[in-house]
Amino acid sequence: MASAIINGMPVEITPGETILEAAKKLSVKIPVLCKHPDLDATAACGICVVKIKATGRTLRACCTPIDSGMDIVTEDAELVQVRREVLELIMSKHPNECVTCARNQNCELQTLCADFDIRHMELPSLVPDIAKDTSNGTIELDPRKCVTCGRCVQVCQEKQNVWALSFLDRGIDTRIAPAGDISMAESPCVSCGQCSAHCPTGAIVECDETQKVWDKLIDPDVVCVAQIAPAVRVALGEAFGFAPGTNVTGKIYASFRRMGFKAVFDTNYGADVTIMEEGTEFVERFAHGKGALPLITSCCPAWVDFMEKYHNDMIPHFSSCKSPHEMVGALTKTYWAEREKIDPKKIFVLSVMPCTAKKWEVRRSADMSSSGYQDVDVSITTRELARMIKQAGIDFATIPEAQPDHLLGAYTGAGTIFGATGGVMEAAIRSALFLITGKNAANPNFEFTRGLKGIKTGSMQVAGKEVRIAVAHGLGNVETVLDEIRKAKAEGKEPPWHFVEVMACPGGCVGGGGQPYGVTDELRLKRAKGLYQEDGATLWRCSHDNPYVQQLYKEYLGKPLSEKSHHLLHTHYVQRPTYRR
Amino acid sequence: MKPEELETKAAAEREKQAKFVATIACCASAGCQLPGTLTTTTDFFKQKVKEAGAADKVRVVPTGCMGLCSKGPIARVQTAGQPDQLFVELNADLGGKMVADYVKPVAEKAAPKPDAELAKHILPASDPFFAKQTKVVLKNMETLNAESLDDYILAGGYQAVRKALTRMTPEQVVAEIKASGLRGRGGAGFSTGLKWELTAKVKGDVKYVICNADEGDPGAFMDRGVLEGDPHAVLEGMIIGAYAMNSTNGILYIRAEYPLAVERVERAIRAAKAAGLLGKGILGTAFNFDCEVRLGAGAFVCGEETALIASCEGKRGTPRPRPPYPATKGVWDKPTCINNVETLANIAPIITRGAEWFAAMGTEKSKGTKVFALTGKVKNNGLVEVPMGTPIKTIVYDIGGGTANGRKVKAIQTGGPSGGMIPAQYFDTPVSYEHLQQLGSIMGSGGMIVLDEDDSIVDLTRFYLEFTVDESCGKCAPCRIGGRQLLTIVDKIAKGDGTRKDIETAKKICRAMQRASLCGLGQTAPNPVLSALKYFMHEFEARLKDGKAAPAPASVTK
Amino acid sequence: MTTATTPNVQEDLQRIAKKWKDKPGSLIMVLHEVQERLGCVPRNVCLELAKLIDVPVARIYEVVTFYNYFKTEAPGKHILSVCTGTACHLKGASKVLESLSKELGIKEGESSADKEFHLQSVRCVGCCGMAPVVMVNGAIHGKLKPESSGKEIVAQYRGK
Ligand SMILES: Cc1cc2nc3c(=O)[nH]c(=O)nc-3n(C[C@H](O)[C@H](O)[C@H](O)COP(=O)(O)O)c2cc1C
Ligand code: SF4
Ligand code: SF4
Ligand code: SF4
Ligand code: SF4
Ligand code: SF4
Ligand code: SF4
Ligand code: SF4
Ligand code: SF4
Ligand code: FES
Ligand code: FES
Ligand code: FES
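Residues numbered from 1 in each chain as written. Chains lettered and ligands numbered in written order. Predicted model: local features only at pLDDT ≥ 70, side-chain atom pairs only at ≥ 80, totals over all residues. Heavy atoms only, no water.

Draft legend 1. Spotlight on the overall build of chain A. Along its length, chain A carries 18 helices and 17 strands. The C-alpha atoms of chain A give 25 Å as radius of gyration, which agrees with the globular expectation for 581 residues (25 Å, within 12%). Taking the intrachain contacts of chain A between residues at least 6 apart in sequence as the baseline, contacts between residues at least 24 apart amount to 73%. Accessible area for chain A stands at about 21,000 Å²; split by element, carbon and sulfur atoms hold 52% of it. Charged side chains in chain A number 65 positive and 70 negative. The centres of these two groups are separated by 2 Å. (Helix = DSSP H or I, 4+ residues; strand = E, 2+ residues; numbered from the N terminus. Rg over C-alpha atoms; globule rule 2.2 N^0.38 Å. Contact = heavy atoms within 4.5 Å. Areas by Shrake-Rupley, 256 points an atom, 1.4 Å probe, with all protein chains shown as cover. Lys, Arg positive; Asp, Glu negative; His and termini not counted. Charge placed at Lys NZ, Arg CZ, Asp CG, Glu CD.)

Draft legend 2. How the structure looks around the interface of chain C and chain B. Each partner contributes to the interface: chain C provides 35 residues, whereas chain B provides 53 residues. The largest share of the area that chain C buries against chain B comes from F66(C), L90(C) and R123(C), three residues that together contribute 21% of it. Between chain C and chain B we count two salt bridges in total. Between D470(B) and R123(C) there is a salt bridge, and its shortest N-O distance comes to 2.9 Å. Inspection of the chain C/chain B interface yields 20 residue pairs in polar contact (both at pLDDT 80 or more). Of all the elements in the fold, those that place two or more residues in the side of chain C that touches chain B are α2 (27–38), α4 (57–66) and α5 (86–90) of chain C. (Buried area = accessible area lost by both parts, 1.4 Å probe. Salt bridge = Lys/Arg side-chain N within 4 Å of Asp/Glu carboxyl O. Polar contact = N/O pair within 3.5 Å; in protein donor to acceptor, adjacent residues only side chain to side chain.)

Draft legend 3. Just unusual backbone geometry, in detail. P294(A) follows L293(A) through a cis peptide bond whose omega is -5 degrees. The topology assignment puts P294(A) in the loop between α8 (267–288) and β12 (295–296). Geometrically, the link from G72(B) to P73(B) is a cis peptide bond, its omega value of -5 degrees lying close to zero. Within the fold, P73(B) resides in the loop between β2 (58–63) and β3 (75–79). Even without being glycine, W332(B) reaches a positive phi, approximately 50 degrees. Position of W332(B) relative to the elements: it lies in the loop between α13 (305–312) and β9 (336–340). Its identity is not glycine, yet K115(C) carries a phi of approximately 60 degrees, on the positive side. Of note, K115(C) is situated in the loop between α6 (93–104) and β2 (117–122).

Draft legend 4. Highlighting a nonpolar patch on the surface. On the surface, F190(B), L194(B) and L198(B) cluster together into a nonpolar patch covering about 250 Å² of accessible area. Among the structural elements, F190(B) can be located in the loop between α8 (170–180) and α9 (192–201). (Patch = residues over 30% accessible without salt bridge, like charges linked within 9 Å, V, L, I, M, F, W, Y side chains within 5 Å.)

Draft legend 5. Highlighting helix α12 (residues 259–274) of chain B. Under the 1.5 Å per step criterion, the end-to-end length of α12(B) is 23 Å for 16 residues, consistent within 8% with the ideal 22 Å. Considered for burial, the residues of α12(B) that qualify are L260(B), A261(B), V262(B), R264(B), V265(B), A268(B), I269(B) and A272(B). (Expected span 1.5 Å × (residues − 1). Buried < 20%, exposed > 50% of the residue type's maximum accessible area, 1.4 Å probe, protein only.)

Draft legend 6. View of the pairing of strand β15 (residues 455–462) of chain A. Residue and element names in this part refer to chain A. Alternating positions in β15 separate cleanly, K456, G458, M460 and V462 being buried on one face and I455, T457, S459 and Q461 remaining unburied on the opposite face. Both β15 and strand β16 (residues 465–473) contribute to a ladder of eight bridges, which runs antiparallel. Bridge pairing in β16 places Q461 opposite E466. Count of turn residues in the β15/β16 antiparallel hairpin: two residues, of which A463 carries a positive phi of about 50 degrees. (Pairing = 2+ DSSP bridges.)

Draft legend 7. Seen up close, the sheet that holds strand β3 (residues 49–52) of chain A. All names here are of chain A. Read from one edge to the other, the open sheet built from five strands follows the order β2-β1-β5-β3-β4, with strand pairing classed as mixed. Looking at which strands have only one partner, the edges of the open sheet turn out to be β2 (9–12) and β4 (58–60). Across this sheet, the average inter-strand angle for adjacent strands is 40 degrees, counted without regard to direction. Here four bridges tie strand β1 (residues 3–6) to β2, and the two strands are oriented antiparallel to one another. Of the residues in β2, the one forming a bridge with A4 is V11. Along the sheet face, helix α2 (residues 77–91) touches β3, β4 and β5 (71–73) and points at about 150 degrees away from the line of β3. (Axes fitted to C-alpha atoms, helices over the stretch in contact; angles between N-to-C directions.)

Draft legend 8. Layout of the pattern of salt bridges. Summed over all chains, the structure comprises 91 salt bridges over all chains. Among the ionic pairs, D115(B) bridges to K97(B), the shortest N-O distance being 3.0 Å. Within this pair, whereas D115(B) is found in the loop between α3 (92–107) and α4 (116–119), its partner K97(B) is found in helix α3, the two being separated by 18 residues in sequence. E116(C) is the partner of R158(C) in a salt bridge, and the nearest nitrogen-oxygen pair spans 4.0 Å. Of this pair, R158(C) sits in the segment after α7 (149–157) while E116(C) sits in the loop between α6 and β2, placing them 42 residues apart in sequence. Take R158(C): its relative accessible area is 42%, and that puts it in the partly exposed class. Its relative accessible area of 15% is what places E116(C) among the buried residues. Residues joined in a network through salt bridges with shared partners are E426(A), R430(A), E447(A), R450(A), D535(A) and R541(A).

Now the structure itself:
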């Protein structure tokens, strides 16, 4: 095997490996700012410079492949000085606003400055005078804090294929903004939040709505209800020192109760209801020929927005189901309100999501007020919940676990796995099988839906017929799938798949744009593992086995796709222009 | 066409030209517009010749830049059996007189009778401006009809392509170029033969050969001169290179600010294609090669290889890290070889006359000749070509004629925004990659700016910095922000508000830029500052608030 | 939504798009041709082009704003490009710029209110031997007297 030398230590190298990666194997930590493990190196900061020992030539560790025989020095007085100088330069064009910044204590730039003792700022300030863009209400852009590392642009263009963000101008005026300096709200942005999840600084962050929640919590006339999404429970712990993937559901419920929420529900329950509706929708289309195939999932709002903007020829294929938290919201203000005899006007529903797009979804259309009031009042991200817990004075590490309110809070393993790519599909298969054959599968695990491959496909026999499915995550992977569907349609052929799941974020919601920072594939897998572990451990693995869901249909909705469920749990889609200006 | 047809074509052209008694070769560059006329110089002379009734005896030929731009507009009158006469600093009146009183009589085999005024505008070819030059790259510039393939063939054109394609293997071509010692003229001075060899070795179904004609150094116009005056010479270099590296696709990336160069190159490509010198089966061999023009759009950084590649792919011209080098991953990730215009113009002569002939010129490590764009306070501004190793003073004083205003020369600046100053006390230094580098400057692409006593070094330093700050692509922090902060400091010093501490801070920023910038632009942007501080610290100190003005060393000015 | 392009412009855009569509990476060439036709590349044209050549609007803007050559707003009729390359700088380019700026009452990069003139700077037009140089609509005016250049040049083109 080929080898090289780093700081005098020999290291075995593999082809294509960068100096940064090789150094890591020796516990050598080279500082980086622009490089994100998820993304190709943009080589935009110059912090990671290292030297070739013999020549003294500097190279960037993040993007330079390490060659056999290379002898590299990663630290010496000059390199430290150069890095510090570069940081001072960066800070001369960066506002000194850590204390009031969403990234305070959780900022890659701040950490570097602390590590490198950036103590004096003697260079004149070059902070540009560009206003914050808060127009779309989901993510906000503060170009003054941008270090033009390019991560967000790479994510938005290459990973997500949305092309909302771009680099404009050049030199010192280089900035990130939607094409032509229009506002985010006028741009094609689908609010997936992946840019914010990858930004090393506070230049793109979620729009914070925690104050709205506190305002309701102190209002004695308001009945506050909370729900958490599947993916939140395996990620929130990271903000409190738990290992990624640790399931902290019970602690979250307990925190809600301490904060003063009157009822604590779970979006997983909504996921079970979604499966009842969507599964039935699938059976209608697949077994009874009522509607276009493939059926495409609709529980991801960023995907819905993307489809409405870029792929609206697919509207007939879309499941009309709302996303799970919207279902819980609608049922809270109708079913639960009626049972508890609470005026729905007084109910405030908070949903905690891994997601920034849900902030948009709660206001998406009149369908999101099916109860007569906005079904979900405010949606906050996992990151915001972490801050609220801290503000509430809760010692999250030690708080004993609590239970949800079961009526809209009890859930199955099928609901849990919604949070990982392929989970919706796996859950749907479990129930569709039952709906068609009247029996549960002997083994409810459909492993081919799992994992981080961009597009996963598979097929199975159901009552003598082949069901073909596809799962895509990361919007950049969608077009390939859609194009195949279009091609088959144009040629009058059988659809390549009968059921397609799409999640906007790479890895699905576990990798959502509102999750704790530092997401990598490793982390996505760990979080997903947390979900599959819970699924494996639950009493009920299939949504249709959830007794509370059965109760809901018996007591309230009648049956899936009934008129009432159509009114409360389903929605419509429209074409939207990609650019509003 | 078959190889032998080159001779047929040359013979036909020779016969055609033999019918004329005289030729007016006029610089058709944009700069050489005759004051007071609205037509091109060529059209003006054609009209005058027609009016004189000499259209069948006098040929009017549009050439490229003749080199002596400061004496433009220029026309060269050639008569069989007589020395050429150069008419300089013409205007419409003088141009008319030139035709009436000189060209017409000559054409009619009578004695020319220029009046005293016209006589003042005749420059003998023995002028040291010409006598001290050695022209390889510029050899055709003064006489060639830049718009005629046939004229180029008559001048020996495409014989090198013929030799390479019919009598040499690609390996032999690479070996020949390697042996010649030719180094890239675009700035970095990398061995051209070696670069070709590396690219030739990379396997790939499609390979690209790119001519870098982005010439962004402000104050340099060598490449423009060659493209406008001798476009086929560049194409010939590309074809030979493509053959050596087994490439089928060529791109000429030309600055949009050079419309005439674009026009001439496009015309040359069309003509070469029509004649079977480009395209499928070149000169009847099995070798295929085609090329197209792509325009820049006003971004200096696009001269950098990886930025140029991005630009060719229709993207922002931001550099990317190397490795991977273009030789393995270039345009569309295909193996790509990028060469400068002047580099390519050297290829055909090397193939025709042999590596030994070429290597006989120059110094140990710098072979051949170098074209310089000599400008600034020198008397004879223009394009000059000298063998490598020629002392700076020969260029500045003999060819350039010293200053026009009688002031003393203080220094030259070479290498443009990546280069440095060389004070007059070092003017014995021969020009070569290695010698200029020893002095803390670089050869660069060939800009040579002459500064006199009145020019402020602080101001020129500021000028170059302003340029690199303007042209920084903005991708990486050291260059994007460092350049701007450095400029702010130099600005402050220039205004008299600077302190000693500012100079220290400037040096620190310079180091960060040199060490941590991604591409050559940022890495070399501090050079003008550092070399100015090295040789002309006193000029900076003189402006400091807290600095005592050290007396200027007497030796600095000549 | 922005206003639609006129049928005439539409036709030209289609012609340009057709010429280049199948050549990968030709965005800059397309923009050159569009600007030659329209004098600039305005927003509605960017949106239109995106569809015609199948390049994202964001990419078009990235490119248009990166390269100095492209303009998003129509410039004045006569384009005065003051060379600020090294040779011209040494021979008083900044004074030339100042003189033109004063004469027209506009700053570098701006067009006059009556849209008759557009004042910009360029880095070396390759006529350094004639420094200082101003290029007006492609024609070179060299060996200028920096202080009086503004008056002289503007007078030549005003109303033409
Ligand atoms: C900022 C920058 C600008 C450059 N501009 C040019 C240029 O205008 N023309 C050129 O030939 N090379 C330019 N170069 C050098 C090229 O990157 C490259 O080295 C050269 O074209 C290779 O050709 P050569 O080996 O024939 O010199 C530039 C380099 C940098 C870093
Ligand atoms: S982005 Fe980071 S460094 Fe900048 S103000 Fe916020 S916390 Fe501080
Ligand atoms: S870190 Fe320093 S600046 Fe920030 S709050 Fe604490 S004392 Fe104040
Ligand atoms: S939220 Fe998603 S779509 Fe919007 S700018 Fe960020 S990455 Fe692009
Ligand atoms: S917004 Fe954030 S991710 Fe995007 S370029 Fe700026 S610092 Fe990088
Ligand atoms: S789609 Fe994502 S955000 Fe929505 S319920 Fe499922 S896990 Fe939660
Ligand atoms: S994948 Fe999940 S987190 Fe990401 S946008 Fe969709 S619903 Fe939100
Ligand atoms: S020598 Fe220079 S100034 Fe004269 S025409 Fe040629 S390029 Fe222009
Ligand atoms: S050094 Fe300057 S020009 Fe080069 S990549 Fe960095 S910012 Fe761009
Ligand atoms: S981390 Fe390598 S250049 Fe930024
Ligand atoms: S431009 Fe005419 S001689 Fe140079
Ligand atoms: S510097 Fe002005 S034309 Fe070259």
